[in-house]
Amino acid sequence: MIQRPRRLRANQAIRNLVSESHVRPEQLILPLFVREGLTEPKPIKGLPGTVQHTPDSLRAEIDRAIAAGIGGVMVFGVPNHRDEDGTEACNPNGVLTSAIRSIREQAGDRLVVIADLCLDEFTSHGHCGVLDARGEVDNDRTLEIYGRMAVVLAEAGAHMLGASGMMDGQVAATRAALDKANFKDVSILAYAAKYASAFYGPFRDAVESQLDGDRKTYQQDPRNSREAIREIKLDAAEGADIIMVKPALGYLDIVSQARQLVDLPIASYIVSGETAMIEAAAEQGLLERERAILETLSSVHRAGANIICTYWAIEAAAWL
Ligand code: PBG
């Protein structure tokens, strides 16, 4: 026998020597939820360790994120007041903008501060855009609001905006609005391929989603991959700085194709339901939690996403 692949697996030193991919703390992004009017941090069902933050608990979490050396945070705001048009999203002193401002004051440039650019937390119907007279999501009127929201978030100090609404033309509209307001260096993380997934369950709790129905007229059909390629090409052409594929685990084929397709950095988001599955199994003693988490991060990285959004960011950074 000439070929003995096992030679290179004989001990930890040699396994390290030939290891092909390395998840690094500075490429992990932690999603954060900030709830207006909260006095005590509130746990989120299914995601142990993840909470809705108060201003104080947010500050403590940002200290931990900096100490852990993670790359950045992705901030979601949960407002008290919701209406048809999600007007609170453009309030310069709203829950999201205030959180962004406070994180930047605290962290400066030590973390990349990404603000979620979407209306779903702010609309009374829970959709990612505003509705027309027939009750359908009105793509182009939504783009105007995204443009205004983008500028407000940039003014609050966001380094980067997470364009997660899956409206057509959202990257171009956001870029144009930012440039017009002279925020040429605020970058866009485009959720280029975002699927209408059943794995967003715990997140919808976390943002107290008002959605009744689904997002299938704007998020992608899980049966499709060519459609993702089309979306990724469009977002790249519209000026996206980073391409995101979401969810991660069921869509590693898309991550891998995205990596081949464009020269932009690729990110992927291990979503709430994917996280909750592992947490629930670990809690029942069905798998070793730390190993399962590290293996999961490696899978996403190996598929081609250097940047990983994960609720495990701080914890995993310590293990890495
Ligand atoms: C919507 C948004 C969603 C998530 C992030 N941004 C959910 C949705 O489309 O309903 C899900 C993230 C997760 O499940 O962890 N702007």
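A brief report on the enclosed structure follows. Here the structure is a predicted model, which means the values were calculated and not measured.

Parameters at a glance
- Residues numbered from 1 in each chain as written.
- Predicted model: local features only at pLDDT ≥ 70, side-chain atom pairs only at ≥ 80, totals over all residues.
- Heavy atoms only, no water.
- Helix = DSSP H or I, 4+ residues; strand = E, 2+ residues; numbered from the N terminus.
- Rg over C-alpha atoms; globule rule 2.2 N^0.38 Å.
- Contact = heavy atoms within 4.5 Å.
- Areas by Shrake-Rupley, 256 points an atom, 1.4 Å probe, with all protein chains shown as cover.
- Lys, Arg positive; Asp, Glu negative; His and termini not counted.
- Charge placed at Lys NZ, Arg CZ, Asp CG, Glu CD.
- Near = heavy atom within 4 Å.
- Polar contact = N/O pair within 3.5 Å; in protein donor to acceptor, adjacent residues only side chain to side chain.
- Core = buried A, V, L, I, M, F, W, Y, C linked by side-chain atoms within 4.5 Å.
- Buried < 20%, exposed > 50% of the residue type's maximum accessible area, 1.4 Å probe, protein only.
- 1 Å grid on protein atoms, 1.4 Å probe; cavity = no way out; pocket = protein on both sides within 12 Å on 5 of 7 lines; lining within 4 Å.
- Points joined across faces, edges and corners; volume = space filled by probe spheres on them.
- Nonpolar A, V, L, I, M, F, W, Y, C, P; charged D, E, K, R; others polar.
- Pairing = 2+ DSSP bridges.
- Right-handed = clockwise from strand over helix to strand, strands pointing away.
- Expected span 1.5 Å × (residues − 1).
- Phe/Tyr/Trp six-rings, centres within 6.5 Å; stacked < 30°, edge-to-face > 60°.

## Quick notes on the overall build of the protein
Then, number 1: The helix and strand tally for the protein stands at 11 helices and 10 strands.
Then, number 2: Over its C-alpha trace the protein gives a radius of gyration of 20 Å, about what one expects of a compact globule, namely 20 Å for 320 residues.
Then, number 3: Projected onto its principal axes, the C-alpha coordinates of the protein cover approximately 70 × 45 × 40 Å.
Then, number 4: For the protein, the proportion of contacts with a sequence separation of at least 24, taken over those separated by at least 6, is 75%.
Then, number 5: For the protein, the accessible area works out to roughly 14800 Å², and carbon and sulfur atoms hold 49% of it.
Then, number 6: A distance of 7 Å separates the average location of the 34 positive side-chain charges in the protein from that of its 44 negative side-chain charges.

## Here we look at the site of the ligand
Then, number 1: Around the ligand there are 17 residues in total, and Arg204, Gln219, Lys246, Ser272 and Tyr311 lie nearest to it.
Then, number 2: Arginine 215 is positioned with one of its side-chain polar atoms (N or O) 2.9 Å from an oxygen atom of the ligand.
Then, number 3: In this structure, an oxygen atom belonging to the ligand sits 2.5 Å away from a side-chain N or O atom of tyrosine 311.
Then, number 4: Computed on the free molecule, the ligand has an accessible area of 400 Å², of which 100% lies beneath the protein chains in the complex.

## What about the nonpolar core?
Then, number 1: Counting 79 residues, the largest nonpolar core has Ile62, Val73, Met149 and Leu161 as its most contacted members.
Then, number 2: With 8 residues, helix α4 (residues 139-156) is the largest single contributor of residues to this core.
Then, number 3: For isoleucine 62, the residues in contact, after removing those within four places along its chain, are Leu32, Val73, Ile103, Gln106, Ala107 and Leu111.
Then, number 4: Membership of the second largest hydrophobic core comes to 24 residues, among which are Val78, Met160, Phe203 and Cys309.

## Remarks on the layout of surface pockets
Then, number 1: By volume, the largest pocket amounts to about 640 Å³.
Then, number 2: As for the largest pocket, its lining consists of 15 residues, of which Asn16, Ser19, Ser21, His22 and Ser298 are closest to the centre.
Then, number 3: Sort the elements by how many residues they give to the lining of the largest pocket and helix α10 (residues 289-303) lands first, with 5 residues.
Then, number 4: Of the residues in the lining of the largest pocket, the class split is 4 nonpolar, 6 polar and 5 charged.
Then, number 5: In this model, the second largest pocket occupies a volume close to 460 Å³.
Then, number 6: Lining the second largest pocket are 24 residues, and of these Met166, Asp168, Thr217, Tyr218 and Glu231 lie nearest its centre.
Then, number 7: Among the secondary structure elements, those contributing two or more residues to the lining of the second largest pocket are β7 (187-194) and α7 (226-238).
Then, number 8: Ranked by the residues each element gives to the lining of the second largest pocket, the list is headed by α7, at 6 residues.
Then, number 9: Each residue belonging to the lining of the second largest pocket can be placed in one class, and the counts come to 9 nonpolar, 6 polar and 9 charged.

## Side note on the pairing of strand β9 (residues 266-269)
Regular strands place their side chains on alternate faces of the sheet.
Then, number 1: Burial along β9 is two-sided: the face carrying Ile266 and Ser268 and the face carrying Ala267 and Tyr269 are both buried.
Then, number 2: Pairing of strand β8 (residues 242-246) with β9 involves 3 bridges; the strand directions are parallel. Opposite isoleucine 243, over in β9, you have isoleucine 266 as the bridge partner.
Then, number 3: Since β8 and β9 lie parallel, the crossover through helix α8 (residues 252-261) that links them has a hand, and here it is right-handed.
Then, number 4: Of the strand pairs in this sheet, β9 and strand β10 (residues 307-309) are connected by 3 bridges, and their pairing is parallel. Its bridge partner being in β10, alanine 267 is matched across the sheet by isoleucine 307.

## Some points on the environment of alanine 68
Then, number 1: You can see alanine 68 is positioned in helix α2 (residues 55-68).
Then, number 2: When the C-alpha positions of alanine 68 and alanine 318 are compared, they lie 6.4 Å apart, and in sequence the two are 250 residues distant.
Then, number 3: Ignoring sequence-local partners within four residues, the contact set of alanine 68 consists of Pro25, Ile314 and Ala317.

## Notes on α4
Then, number 1: Over its 18 residues, α4 extends 25 Å from the first C-alpha to the last, a length consistent with the 26 Å expected when each residue adds 1.5 Å.
Then, number 2: Where burial is concerned, most of α4 is hidden: 13 out of the 18 residues are buried.
Then, number 3: Glycine 157, located one to two residues past α4, shows a positive phi value of around 115°.

## Concerning the packing of aromatic side chains
Then, number 1: This model, assessed by the stated rule, comprises 6 aromatic pairs.
Then, number 2: With a centroid separation of 5.0 Å and 80° between ring planes, the pair formed by phenylalanine 76 and phenylalanine 203 is classed as edge-to-face. Linking phenylalanine 76 in strand β4 (residues 72-78) with phenylalanine 203 in helix α6 (residues 201-206), this pair joins segments that are 127 residues apart in sequence. Comparing phenylalanine 76 with phenylalanine 203, the two get one shared label, buried.
Then, number 3: For the ring pair tyrosine 195 and tyrosine 251, a centre distance of 4.2 Å and an interplane angle of 25° mean the geometry is stacked. One end of the pair, tyrosine 195, is in the loop between β7 and α6; the other, tyrosine 251, is in the loop between β8 and α8, and 56 residues separate them in sequence.

## Section: empty space enclosed by the protein
Then, number 1: Taken as a whole and assessed by the stated rule, the structure comprises 1 cavity of 30 Å³ or more.
Then, number 2: For the largest cavity, the calculated volume is near 130 Å³.
Then, number 3: As for the largest cavity, its lining consists of 18 residues, and the residues nearest its centre are Asp120, Lys194, Tyr200, Phe203 and Lys246.

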